[in-house]
Amino acid sequence: MTATIERGAATAPVASHEPPRPPTAARNHKGGFFRSSNGKKAVMAVTGAVMVLYLIAHMAGNLKIFFGAADFNEYAAFLREIGHPLVPHRTVLTLVEVVLSVSVVLHMWSAVSLARRAARARPVKYAARPKSQASGYAVKTMRYGGVIILLFIIWHLLDLTFAAVNPAGPNGEPYQRMVEGFAPGRWPVTLFYVVALLLVGLHLRHGLWSAFQTLGLAGGRRERPVKLAAAGLSALLVLGFLSVPLSITIGLVK
């Protein structure tokens, strides 16, 4: 017996009851710009720029200690009087601290979010992959160094800002807090600062390079100058910050 099959029936497409998925751009738009990878990278870039500007200003202020106690204490008092009497005492400094704190939190949030998104996109590791700047020490520095830097920020606030763990106490003048905080007998504290600041430098160098790379400004002939600029700025900041505690520890600043 011969069966008759309607022409085209065997290859006809099977109807699906699942709704069509929207395009990738539409899905990202629905989630909002700041939920997309580009949005998170933008948050990292802006918050990173805020922190770099703060580090430059903070380092320049710290170097005032080499001009003596009077100049350094005057500088510390100036920070608390910015905008006075137009605004209440310490208003501008408090706003700067709030902006900096928010920037740190958002920077960490965007970094963790991007790392998790990358892990979900590639749940199975490659059997072999070429080495790059994004691997090895750079990734470990950004990941584990970030935790140490966070602990360093907390200790720095408790030590020199609130003076909760500083030998000079809350009533000590800024110059006195700095000198007693890095006295030779407190060399473990100085060593912790050195390690943390070196990690800040590596973190900053890799972050600057990644930012320029993301913006497409680090390719071709510009690659080497951008690398040198990122390394140079990072080294300058680290050396500037380290000069103060090391000078106190070895007795150059008393």
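Residues numbered from 1 in each chain as written. Predicted model: local features only at pLDDT ≥ 70, side-chain atom pairs only at ≥ 80, totals over all residues. Heavy atoms only, no water.

### So, empty space enclosed by the protein
Consideration 1: Per the counting criterion, the structure on display carries one cavity of 30 Å³ or more.
Consideration 2: Taken as a whole, the largest cavity encloses approximately 40 Å³ of empty space.
Consideration 3: In this structure, the largest cavity is lined by Leu55, Leu197, Val200, Gly201, Leu204, Ser234, Leu237, Val238 and Phe241.
Consideration 4: Those elements that provide at least two residues to the lining of the largest cavity are α7 (187-214) and α8 (223-249).
Consideration 5: Considered class by class, the residues forming the lining of the largest cavity number seven nonpolar, two polar and no charged. (1 Å grid on protein atoms, 1.4 Å probe; cavity = no way out; pocket = protein on both sides within 12 Å on 5 of 7 lines; lining within 4 Å. Points joined across faces, edges and corners; volume = space filled by probe spheres on them. Helix = DSSP H or I, 4+ residues; strand = E, 2+ residues; numbered from the N terminus. Nonpolar A, V, L, I, M, F, W, Y, C, P; charged D, E, K, R; others polar.)

### Observations regarding the packing of helix α3 (residues 69-81) against helix α6 (residues 174-181)
Two quantities define a packed helix pair, namely the angle between the axes and the distance from one axis to the other.
Consideration 1: α6 packs onto α3 with a crossing angle of 115° between their chain directions and a minimal axis gap of 8 Å. As far as their axial angle goes, α6 and α3 are roughly perpendicular. Across from Ala69, Phe72, Asn73 and Ala76 in α3, the residues of α6 making contact are Pro174, Tyr175 and Met178.
Consideration 2: Tallied by class, the residues present in the contact of α3 with α6 amount to six nonpolar, one polar and no charged. (Axes fitted to C-alpha atoms, helices over the stretch in contact; angles between N-to-C directions. Parallel < 35°, antiparallel > 145°, perpendicular 65-115°, else oblique. Contact = heavy atoms within 4.5 Å.)

### Some remarks on the side chain of Thr47
Consideration 1: You can see Thr47 is positioned in helix α2 (residues 37-62).
Consideration 2: Dropping the residues within four chain positions of it, Thr47 is found in contact with Ser103, Leu106 and His107.

### As for the pattern of salt bridges
Consideration 1: The tally for this structure, following the rule as stated, stands at three salt bridges.
Consideration 2: Linking Arg186 and Asp159 is a salt bridge whose minimum nitrogen-to-oxygen distance equals 3.7 Å. Separated by 27 residues along the polypeptide, Arg186 in the loop between α6 and α7 and Asp159 in helix α5 (residues 137-161) bring together distant segments of the chain. You'll find Arg186 and Asp159 in the same group, each marked buried.
Consideration 3: Across the pair Glu223 and Lys227 runs a salt bridge whose closest N-O atoms are separated by 3.4 Å. Remark: Lys227 and Glu223 occur in helix α8; sequence separation between them is four residues, near one turn of the helix. (Salt bridge = Lys/Arg side-chain N within 4 Å of Asp/Glu carboxyl O. Buried < 20%, exposed > 50% of the residue type's maximum accessible area, 1.4 Å probe, protein only.)

### Some remarks on a nonpolar patch on the surface
Consideration 1: A cluster of nonpolar side chains, Met108, Val147, Leu150, Leu151, Ile153, Ile154, Leu157, Leu158, Phe162 and Val165, forms an exposed patch at the surface whose accessible area comes to about 810 Å².
Consideration 2: The dominant element in the nonpolar patch, judged by the number of residues it contributes, is α5, at seven residues.
Consideration 3: Tracing the backbone through its elements, the reader meets Leu151 in helix α5. (Patch = residues over 30% accessible without salt bridge, like charges linked within 9 Å, V, L, I, M, F, W, Y side chains within 5 Å. Areas by Shrake-Rupley, 256 points an atom, 1.4 Å probe, with all protein chains shown as cover.)

### A closer look at the confidence of the model for the chain
Consideration 1: Residue-level pLDDT values for the chain average 82, and 79% of them are 70 or greater.
Consideration 2: When the elements of the chain are averaged for pLDDT, helix α1 (residues 24-31) gives the smallest value, 49, and α6 the largest, 96.
Consideration 3: In the model, residues 3-10 has pLDDT below 50 throughout and makes zero contacts with residues more than four positions away in sequence or in other chains.
Consideration 4: In this model, residues 24-29 is a region of pLDDT below 50 whose contacts with residues beyond four sequence positions or in other chains number three contacts. (pLDDT = per-residue confidence, 0-100.)

### Topic: the environment of Leu100
Consideration 1: With respect to the helices and strands, Leu100 occurs in helix α4 (residues 91-121).
Consideration 2: Separated by 46 residues in the primary sequence, Leu100 and Tyr54 place their C-alpha atoms 7.9 Å from one another.
Consideration 3: If we ignore the near neighbours within four places in the chain, the residues touching Leu100 are Met51 and Tyr54.

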